[in-house]
Every structure is written in structure tokens, then in C-alpha cells.
Amino acid sequence: MSSPHADSNADAVQPGARAGRPGPVLFAYDGSDVAGHAIQFAATQLPPGREALILCAWQPADVGFTPVGSQHFDANSAAEVEKAAAEIAAHGAHLANAAGLRAQSATVQAAPTWKGIIATAAERQADLIVLGAHRHSRLAGHLLGSVATSVVAHAPGAVLVVHQRD
């Protein structure tokens, strides 16, 4: 039995709460230059060897990422899109490892994309979400970008938004 004064959320897992170890840093990576820049920038702010999860969120048809190199796939085939997303995430993990982080890659099918980022961050108990922001025409979109705006609004913990280089 719990005390009447007990916090009803006492058993809830907090972001990054993993037996005294810091949780990973989750990088939302879509293969774009600004996402690559976000990895490079964040790596300069984090201790070397920090655990990182490079996540490519995808959905069939409107895939939500930029293919690496001359990669081609059928956007209507979930299997092909998932394979391409895995290659994008692996490319991001390579960038993160080269920048001194200890990275692994992952993919998540989600619509909208930001929900997959938030769900994965919670599932993996990430301490921080890092993403690059594309500048768009709407006011909020101009400041952050549509996915970045939604992640910031719904994240259970800290978010680092890295703007594209001018």
C-alpha cells in the first residue's frame, strides 16, 4: 500500500534515469546537411565517448529524410523505405563516431515524425534530444522548423536545436 502522500508518478521512469548512468543523447538524423551539422556541433559540447543514438524516423510515401549519395528506392514500399532509413541512420552514426561519440543507429516508423522521435527518446531514456532545424517561412517554422518545433513542444526532457549554418 502506498501512503496517501506518495507521488502518483513515483514509479514513472524519468528521462535518462538508468541506475546512475546518464542516458544516451538521441540525435534525430534525416541525412540533411543541417542534421549532420547538428551532430558535429553537439559533439563539441559533449564529453568524448558519450553514448549516442542516431535515429532516422520514416514513413512510407512521404519518407521524411534525404537519401545518402546516389541511393534510390521506391517511396511506396515500406521495406525499401525502412532499408534506406537504416542506411541513413548508419551514416549518421558514422559521423557521430568520427566526431568522438560512441554511437549506434536506429530507425522508427512514425507519422508524424516528431512522435517517433519523442517515443524513442522516452523508450531509450535519452537525456537529451539533438536535432538540426531547417528554416521555414512560417514564424514558428522560421525560428525552428516544423519537426523541431513539435519536438521542443512535446519532449519530456532537454532538447538542443542546432540551426543550419548561414
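Throughout this description, residue numbers start from 1 for each chain and increase along the sequence as written. Under the rules for a predicted model, residues below a pLDDT of 70 receive no local features and side-chain atom pairs below 80 are neither given nor counted, while totals for whole chains, interfaces and linings still include all residues. As a rule here, side-chain values cover all heavy atoms of the structure and leave hydrogens and water aside.

Novice: Would you take a moment to explain the environment of leucine 160 for this structure?
Specialist: Position of leucine 160 among the secondary structure elements: in strand E5 (residues 158–163). The contact criterion used is simple: two residues touch if any of their non-hydrogen atoms lie within 4.5 Å. If sequence neighbours within four positions are ignored, leucine 160 has contacts with Phe41, Ala42, Leu128, Ile129, Val130 and Leu131. Runs of H or I in DSSP of at least four residues are treated as helices and runs of E of at least two as strands, each being numbered from the N terminus.

Novice: Help me understand empty space enclosed by the protein, please; the structure alone is not making it clear to me.
Specialist: Any empty space left between atoms is shown by rolling a water-sized probe over those atoms. Here a cavity denotes grid points, spaced 1 Å and computed from the protein atoms alone, that fit a 1.4 Å probe unable to get out, and a pocket denotes an open set having protein on both sides within 12 Å along at least 5 of 7 lines; residues with an atom within 4 Å of a point are the lining. Grid points are joined across faces, edges and corners, and a volume is the space filled by probe spheres set on the points. Applying the stated rule across the entire model yields one cavity of 30 Å³ or more. Computed from the structure, the largest cavity encloses a volume of approximately 40 Å³. Around the largest cavity, the lining comprises ten residues; the ones closest to its centre are Ala126, Ile129, Pro156, Gly157 and Ala158. Gly is placed with the polar residues, together with every amino acid not listed as nonpolar (Ala, Val, Leu, Ile, Met, Phe, Trp, Tyr, Cys and Pro) or charged (Asp, Glu, Lys and Arg). Residue classes in the lining of the largest cavity are distributed as eight nonpolar, one polar and one charged.

Novice: How do you make sense of helix H5 (residues 146–154) when you look at a structure like this?
Specialist: Helical geometry: 3.6 residues make up each α-helical turn, so side chains three or four residues apart lie on a common side. The buried label applies to any residue whose accessible area, calculated with a 1.4 Å probe on protein chains only, is under 20% of its type's maximum; exposed applies above 50%, and partly exposed to all values in between. Buried residues of H5: Ala148, Ser150 and Val151, and no others. Relative to the axis of H5, the buried residues are bounded by an arc of 165 degrees and lie together on one face. For H5, the secondary structure elements touched by its buried residues are helix H3 (113–123), strand E4 (128–133) and E5. The directions from the helix axis to the C-beta atoms are what the arc is built from.

Novice: Got a minute to help me understand the pairing of strand E1 (residues 25–28) in this structure?
Specialist: The two faces of a sheet get side chains in turn, since along a regular strand they alternate between them. By the alternation rule, side chains of E1 split into Val25 and Phe27 and Leu26 and Ala28, which are all buried. Paired strands are those between which DSSP finds at least two bridges. Sheet analysis places E1 next to strand E2 (residues 51–58), joined by four bridges and oriented parallel. Residue pairing in the sheet places alanine 28 in a bridge with leucine 55 of E2. Strand direction decides the pairing type here: E1 and E4, joined by four bridges, are parallel. Its bridge partner lying in E4, alanine 28 is registered against leucine 131.

Novice: Even after reading the chapter, I still don't get unusual backbone geometry, so can you show me in this structure?
Specialist: Generally, phi is negative for residues other than glycine and the peptide bonds are trans, each holding for most cases. Residues alanine 111 and proline 112 are joined by a peptide bond in cis, for which omega reads -5 degrees. Structurally, the position occupied by proline 112 is in the loop between strand E3 (102–109) and H3. In this structure, glutamine 125 is a non-glycine residue whose phi angle is positive, near 55 degrees. Within the element layout of this structure, glutamine 125 appears in the loop between H3 and E4.

Novice: Is there a simple way to think about the sheet that holds E1 in this case?
Specialist: Strand pairing within a sheet occurs via backbone hydrogen bonds; the two strands may be parallel or antiparallel. Judged by pairing direction, the sheet is parallel, and its five strands sit side by side in the order E3-E2-E1-E4-E5 without closing on themselves. Edge positions in the sheet fall to E3 and E5, since each of these pairs with one other strand and no more. The sheet shows a mean angle of 25 degrees between the axes of neighbouring strands, taken without regard to direction. Where E4 lies against E5, six bridges are found, and the strand directions are parallel. Bridge pairing in E5 links alanine 133 to histidine 163. All axes are obtained by fitting lines to C-alpha atoms, using only the stretch in contact for helices, and the reported angles, taken between N-to-C directions, cover 0 to 180 degrees. Sheet strands in contact with helix H1 (residues 33–45) are E1, E2, E4 and E5, and its direction is about 120 degrees off that of E5.

What is shown is where atoms sit, not what they do.
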